[in-house]
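What follows is each chain in one-letter form.
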Amino acid sequence: MYIRRIIAILGLLLTVLSSSAEVAYRTALRKEADHFSNGEWPEAIAMCDLLMERRPGRIQTYVDAVVASAMLNDSSGIMRYVVRSEQQGLSLDSLFTGVDVRSRSIGQTGVYEQVLLLVKKEQPWFTRVVNNYLLGYYEFRHDAPKTLLIADELLTVLPQQINYLKAKANALLLLGNDSLAVEVQETILSIDSLNFDANLFLGSYYAIKGEEKLSEIDDRYLENAGSLSVRPEEFRNEKRAVLDTDIARAKNYLTVASQSRSNSYLTDRIAALATLTDALPQSSGSVLPLLKRLKQE
């Protein structure tokens, strides 16, 4: 009986202590959240240190500590908590994702980039992992120069990774380098000939390019239609050349795209391209002066 009573008392004592520790932990959580919300970064970090001692496996504590340290421009503090999370066996992916979400919540998205660049510098063995996150961040921000830089870094390691090639092509397009963007998209098709996005891009590119050329030929023909030296057959030959190159390529790429993911846009676009011919526009006494006047304006 005596031993049973001792065991019961010890069990009750442990329950009380456990309950008290839980209350203390929840109180610390609330205080850390309040300090963080108020931008009281040193106080938030101090509470994070306390929380880590009590429950070292909670990823959100490290996320808050990293973000708070970044808000203080404390690079050593950032790395201290990154390393500490790694020592606990916590996922670096989870840490980065958490920092992204947390920094957005306080309107400080630059913190995410700051942390990624610092980890890349201090732990170069994680360069590829970090670059993947940087690529996603720069694409989201439509930062074409930095997207291009990171995509090229990644492509030196994995030159046939389609996601990296797509990011590079999109960045080149934003930078106005259409010809290089086309080359990259063609590289994608050399790896995956049925890639929907690449076929759609190239089909749309050559369709627009071809239609612009046909329109320019028509404009030149109308401008010279009144001249006795004009030879309509020469203009038709020019249009046939465009139909056989740019327009033919556009129809081919768009057809391949429609075979893998058909939609009304592709169907209508292919049908419209099929109606293009080498026919020349009819000139009239009223059209020619109007066209010339519009060009002068």
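Residues numbered from 1 in each chain as written. Predicted model: local features only at pLDDT ≥ 70, side-chain atom pairs only at ≥ 80, totals over all residues. Heavy atoms only, no water.

Chemist: Could you clarify how one ought to interpret the pattern of salt bridges in this entry?
Modeler: Charged atoms that come close allow side chains of opposite charge to pair. Per the stated rule, a full pass over the model turns up 18 salt bridges. Notably, a salt bridge pairs Arg-102 with Asp-64, separated by 2.7 Å at the nearest N-O pair. Here Asp-64 lies in helix H3 (residues 59-71) and Arg-102 lies in helix H5 (residues 92-105), a separation of 38 residues in the sequence. It is possible to trace a salt-bridge network through shared partners that takes in Glu-233, Arg-236, Arg-240 and Asp-278. (Salt bridge = Lys/Arg side-chain N within 4 Å of Asp/Glu carboxyl O. Helix = DSSP H or I, 4+ residues; strand = E, 2+ residues; numbered from the N terminus.)

Chemist: Would you take a moment to explain the nonpolar core for this structure?
Modeler: By size, the foremost hydrophobic cluster in this structure holds 74 residues, and its most contacted members are Val-66, Val-82, Phe-96, Val-99 and Val-115. The greatest single-element share of this core, amounting to nine residues, is contributed by helix H11 (residues 196-224). Residues contacting Val-66, with those up to four places away along its chain left out, are Ile-78, Tyr-81, Val-82, Leu-95, Val-99 and Val-115. (Core = buried A, V, L, I, M, F, W, Y, C linked by side-chain atoms within 4.5 Å. Buried < 20%, exposed > 50% of the residue type's maximum accessible area, 1.4 Å probe, protein only. Contact = heavy atoms within 4.5 Å.)

Chemist: Can you help me understand unusual backbone geometry in this one?
Modeler: As a rule of thumb, non-glycine residues mostly have phi less than zero, and peptide bonds are mostly trans rather than cis. Backbone geometry places Asn-73, a non-glycine residue, at a positive phi of 55°. Residue placement: Asn-73 occurs in the loop between H3 and helix H4 (75-87). Relative accessible area serves as the criterion here: at 61%, Asn-73 is assigned to the exposed category. Its identity is not glycine, yet His-142 carries a phi of approximately 55°, on the positive side. Given a relative accessible area of 62%, His-142 falls into the exposed group.

Chemist: Explanation requested: the packing of aromatic side chains in the structure shown.
Modeler: Both the distance between ring centres and the angle between the ring planes are used here to describe each pair of aromatic rings. For the structure on display, the rule yields nine aromatic pairs. Seen in terms of ring centroids, Phe-201 and Tyr-205 are 6.4 Å apart; in terms of plane orientation they differ by 5°. Their pairing is stacked. Linking Phe-201 with Tyr-205, this pair stays in helix H11, spanning four residues, or about one helical turn. Relative accessible area serves as the criterion here: at 16%, Phe-201 is assigned to the buried category. Taking the centre distance of 6.0 Å and the plane angle of 15° together, the rings of Tyr-206 and Tyr-253 count as stacked. One end of the pair, Tyr-206, is in helix H11; the other, Tyr-253, is in helix H12 (residues 232-260), with 47 residues separating them in the sequence. Its relative accessible area of 15% is what places Tyr-253 among the buried residues. The structure contains a cluster of three or more aromatic residues connected by ring pairs, namely Phe-201, Tyr-205, Tyr-206 and Tyr-253. Lying over the aromatic face of Tyr-25, Arg-55 brings its terminal NZ or CZ to 4.0 Å of the ring centre. (Phe/Tyr/Trp six-rings, centres within 6.5 Å; stacked < 30°, edge-to-face > 60°. Lys NZ or Arg CZ within 6 Å of the ring centre and 35° of its normal.)

Chemist: Help me understand the environment of Glu-139, please; the structure alone is not making it clear to me.
Modeler: Tracing the backbone shows Glu-139 in helix H7 (residues 127-140). For Glu-139, a relative accessible area of 34% puts it in the partly exposed group. Between the alpha carbons of Glu-139 and Lys-168 there is a distance of 9.8 Å; along the sequence they are 29 residues apart. Ignoring anything within four residues of it in the chain, the contact list for Glu-139 reads Thr-147 and Ala-167.

Chemist: Explain the side chain of Ser-85 to me, please; I cannot follow it from the model alone.
Modeler: Within the secondary structure, Ser-85 sits in helix H4. Discounting chain neighbours no more than four positions away, the residues touching Ser-85 are Tyr-62, Leu-90 and Leu-95.

Chemist: Looking at this structure, I do not really get the environment of Lys-168. What am I missing?
Modeler: Relative to the assigned elements, Lys-168 resides in helix H9 (residues 162-174). Relative accessible area serves as the criterion here: at 21%, Lys-168 is assigned to the partly exposed category. Those residues in contact with Lys-168 that lie beyond four places of it in its chain are Leu-148, Ala-151, Asp-152, Leu-155 and Val-184.

Chemist: Whenever I open this one, helix H8 (residues 144-157) confuses me. Can you help?
Modeler: Since the α-helix advances by 3.6 residues per turn, residues separated by three or four positions end up pointing in the same direction. Over its 14 residues, H8 extends 20 Å from the first C-alpha to the last, a length consistent with the 20 Å expected when each residue adds 1.5 Å. Taken as a whole, H8 has its buried residues at Ala-144, Thr-147, Leu-148, Ile-150, Ala-151, Leu-154 and Leu-155. Tucked inside the fold, the buried residues of H8 contact helix H6 (110-122), H7 and H9. The backbone nitrogen of Lys-146 has a side-chain oxygen 3.3 Å away, supplied by the residue at the start of H8, namely Asp-143. (Expected span 1.5 Å × (residues − 1). Polar contact = N/O pair within 3.5 Å; in protein donor to acceptor, adjacent residues only side chain to side chain.)

Chemist: Explain the confidence of the model for the protein here, please?
Modeler: Low pLDDT marks stretches whose predicted atomic positions should not be read closely. Here the protein averages 89 in pLDDT, while 87% of its residues score no lower than 70. Below a pLDDT of 50 lies the segment residues 285-295, which in the model reaches ten contacts outside its immediate sequence neighbourhood of four places, other chains included. (pLDDT = per-residue confidence, 0-100.)

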